[in-house]
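# Analysis of the macromolecular model
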Amino acid sequence: MLIAGMDIGSTNCKVVLYDTEGNLWQKFSRPCPLQRHDGYQELDAEDVWQAVAGCLADAFASCRDIGAIAVTSFGESFVVLDAEDAPLFPVMLYGDPRGGEQAARMQRELPADEVAATVGVPLHPMYSLPKLLWLKENHPEVFRRARRILLMQDYIVYRLSGVAQIDYSLASRTAAFSIRKKVWCKELLSYVGIPESLFSRPAPSGTVAGNLRHSLATEWKAAQEVLIVSGCHDQVAAALGSGLFAPGTAVDGAGTVECMTPILDSFPDSQLLAQGGIAVVPYVLPEKYVCYAFSFTGGALLQWYCRNFARQEMEASQKEGRSVHDLMEAGMSASPGTLFVLPHFNGAATPYMDEGAKGAILGLSLEHSGKDVYKAMMEGVAYEMEVNRRYLLRAGICVQSLRTSGGGAKSALWTQIKADVLGVPVTSMRTEEAGATGSAMLAACAVGCFQDLQEAAACFVHERNTYEPNKARNAIHAERFARYSPLYSMMKSFREEG
């Protein structure tokens, strides 16, 4: 029997197959087409389902004997279904500006500190609740026909099993879920006028929702009854798939977005987190939590640069079948550069939460090359995470070591730069898909292969390399960081004056 772990991102769906001893068998991926228009960022729910169904069809074609599928996904974005289970509106992504006015109104009218202490997240337009209020006010006909409101995980769980169930960590991304009581927050839902009955049933991460629908099992020729399991939010899954259970440790999710996720032994008693937009989320272990410190641009910034300014390397990568990032990094050293990049090209995330923030490249001269700019972008993302590491320390959360996952973890150079900037060891994992691996661990425990997640981690989680911080480079980066720190305020003033 094999176990499937699914990780649905905003650009790709990934499925990994493991055996019951934690050995990776195969992995599958399908794109989820992102749509941008008029400043909006959307997905079509049916496109996401087709990507999921394609991955699972490929998985069952390779092995009929799959015992369980756990579903993990990105957060915040929701699907509104009618009585016939047809989507009524496009899926708005976290960076979509809709909900900004509603979030500002909620901040004025509701006690922000109390709300954050209840739901674990600040009242910000990236979360589901302000966007739902925007949809209710601007498209009332949608809400007249709405019968379900599902985030991406429980939408796919529902499509696979017929059961509407959401795990605690993903439910918290709505800004409408009491993360200590583990129930929907009636007061907030009453404020926005949305019935609790539209939402899925909350359950702990790793809870079985039901069996794979008979029609799908027949279509994919499943050899046995297949359990469908609610996984968790993708950043939580990355922490689990990196084998993190103790405070002081954190995962660096080096994907499209750069996210630092520390493990917390209890709910943190600090208003600084909410003030900095840092969300607190239930972890996969009872009474443990994680928090998210992140930059809206991580790998997305490097991808943008390569698409627009590294045409020669892009063409060479296609001809040679090599990663464009490998070509860009060829010959580079980890020595600190002389440029500064403020990576707010898609707004500033924690601790600023300023969606209007702009990026900058500073210190350019005729002596600099395109590769110098590329390297400065890697350093800029690392500096942004150092801003967050120091902010977390003020809130009493000390990150002593990192494990890195996602596409950016493939880069030894970038990982070393992060270790040098942050001054902590950073360990890369053998698996490149820590989120899908964490999801598979939940599935394996759900079918009884392991007594607990720690036992599963001993089989599924394997380290590759540990990058220790270089003291000399760390000292130079500390000096450079002192000059980097004021750049956000400088750019904000420039923006406001302009």
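The present account deals with the structure reproduced in this document. Here the structure is a predicted model, which is why all the values come from computation and not from measurement.

Calculation notes
- Residues numbered from 1 in each chain as written.
- Predicted model: local features only at pLDDT ≥ 70, side-chain atom pairs only at ≥ 80, totals over all residues.
- Heavy atoms only, no water.
- Helix = DSSP H or I, 4+ residues; strand = E, 2+ residues; numbered from the N terminus.
- Buried < 20%, exposed > 50% of the residue type's maximum accessible area, 1.4 Å probe, protein only.
- 1 Å grid on protein atoms, 1.4 Å probe; cavity = no way out; pocket = protein on both sides within 12 Å on 5 of 7 lines; lining within 4 Å.
- Points joined across faces, edges and corners; volume = space filled by probe spheres on them.
- Pairing = 2+ DSSP bridges.
- Phe/Tyr/Trp six-rings, centres within 6.5 Å; stacked < 30°, edge-to-face > 60°.
- Lys NZ or Arg CZ within 6 Å of the ring centre and 35° of its normal.
- Arc of directions from axis to C-beta.
- Polar contact = N/O pair within 3.5 Å; in protein donor to acceptor, adjacent residues only side chain to side chain.
- Axes fitted to C-alpha atoms, helices over the stretch in contact; angles between N-to-C directions.
- Contact = heavy atoms within 4.5 Å.
- Core = buried A, V, L, I, M, F, W, Y, C linked by side-chain atoms within 4.5 Å.

A few words now on unusual backbone geometry. Residue threonine 350 is joined to proline 351 through a cis peptide bond whose omega torsion reads -5°. Inspection of the secondary structure assignment puts proline 351 in the loop between strand E20 (340-342) and strand E21 (360-362). One non-glycine residue, alanine 175, lies in the positive phi region at around 70°. Relative to the helices and strands, alanine 175 is located in the loop between helix H7 (168-171) and strand E11 (177-178). By relative accessible area, alanine 175 is classed as buried at 2%. Located in the positive-phi region is methionine 353, a residue other than glycine, with phi close to 50°. By the secondary structure assignment, methionine 353 is in the loop between E20 and E21.

Moving on, we come to empty space enclosed by the protein. Applying the stated rule across the entire model yields one cavity of 30 Å³ or more. Considered as a void within the structure, the largest cavity measures approximately 40 Å³ in volume. If you go around the largest cavity, the residues you meet are Asp252, Glu258, Met260, Ala382, Met385, Leu402, Lys418 and Leu422. Of all elements in the fold, only strand E17 (258-264), helix H15 (370-394) and helix H16 (412-422) reach the threshold of two or more residues within the lining of the largest cavity.

Backbone-to-backbone hydrogen bonds pair the strands of a sheet. The strands run either parallel or antiparallel. Reading across the sheet, the three strands line up as E4-E5-E8 and stay open at both edges, with antiparallel pairing between neighbours. Lying at the two open borders of the sheet, with one neighbouring strand each, are strand E4 (35-37) and strand E8 (91-92). With two bridges joining them, strand E5 (residues 40-43) and E8 adopt antiparallel strand pairing. Residue pairing for E8: leucine 43 is matched across the bridge by valine 91.

A complete count under the given rule lists 18 aromatic pairs for this structure. On the numbers, 3.9 Å between centres and 20° between planes, the contact of tyrosine 352 with tyrosine 488 is stacked. Within this pair, whereas tyrosine 352 is found in the loop between E20 and E21, its partner tyrosine 488 is found in helix H20 (residues 487-497), the two being separated by 136 residues in sequence. Taking the relative accessible area as the measure of exposure, tyrosine 488 reaches 9% and is therefore buried. Here tyrosine 383 and tyrosine 484 contribute two aromatic rings whose centre-to-centre distance is 5.3 Å and whose plane-to-plane angle is 40°, an arrangement assigned as tilted. Of this pair, tyrosine 383 sits in helix H15 while tyrosine 484 is found in helix H19 (residues 471-484), placing the two residues 101 residues apart along the sequence. Summarising the burial analysis for this pair, tyrosine 383 and tyrosine 484 share the class buried. Of the aromatic side chains, those joined through ring pairs into one cluster are Trp304, Tyr305, Phe309, Phe345 and Tyr374. One residue, arginine 98, lies across the ring of tyrosine 40, its end atom 3.7 Å from the ring centre.

The next subject is helix H18 (residues 453-460). Within the sequence span of H18, burial applies to Leu453, Ala456, Ala457 and Phe460. On an axial view of H18, the arc spanned by its buried residues comes to 105°, and they lie on one face. Two or three places before glutamine 454, at the opening of H18, aspartate 452 has a side-chain oxygen 3.3 Å from that residue's backbone nitrogen.

Where strand E2 (residues 12-19) lies against strand E3 (residues 24-31), seven bridges are found, and the strand directions are antiparallel. Among the inter-strand pairings, valine 15 is bridged to a residue of E3, identified as phenylalanine 28. The turn joining E2 and E3, which pair antiparallel and follow one another in sequence, is formed by four residues; a positive phi near 85° is taken by glycine 22.

Before going further, it helps to examine the sheet that holds strand E6 (residues 66-73). Judged by pairing direction, the sheet is mixed, and its six strands sit side by side in the order E3-E2-E1-E6-E15-E14 without closing on themselves. If you trace the sheet from one side to the other, it starts and ends with E3 and strand E14 (208-211), each paired once. Adjacent strand axes in the sheet meet at a mean angle of 20° when their direction is disregarded. In the packing of helix H6 (residues 152-161) onto the sheet, contacts are made with strand E1 (2-8), E6, E14 and strand E15 (227-233), and the angle to E15 comes to roughly 175°.

With that out of the way, let us pick up the nonpolar core. One finds Ile149, Met260, Tyr283, Val284, Phe294, Leu392 and Phe460 to be the most contacted residues of the largest nonpolar core, which totals 105 residues. At seven residues, helix H17 (residues 434-446) tops the list of elements feeding residues into this core. Contact partners of phenylalanine 294, with chain neighbours within four places excluded, come to Met126, Val257, Glu258, Cys259, Ala349, Thr350, Met353, Met385 and Asn388. With 44 residues, the next largest nonpolar core counts Cys32, Phe60, Ile66 and Leu160 among its residues.

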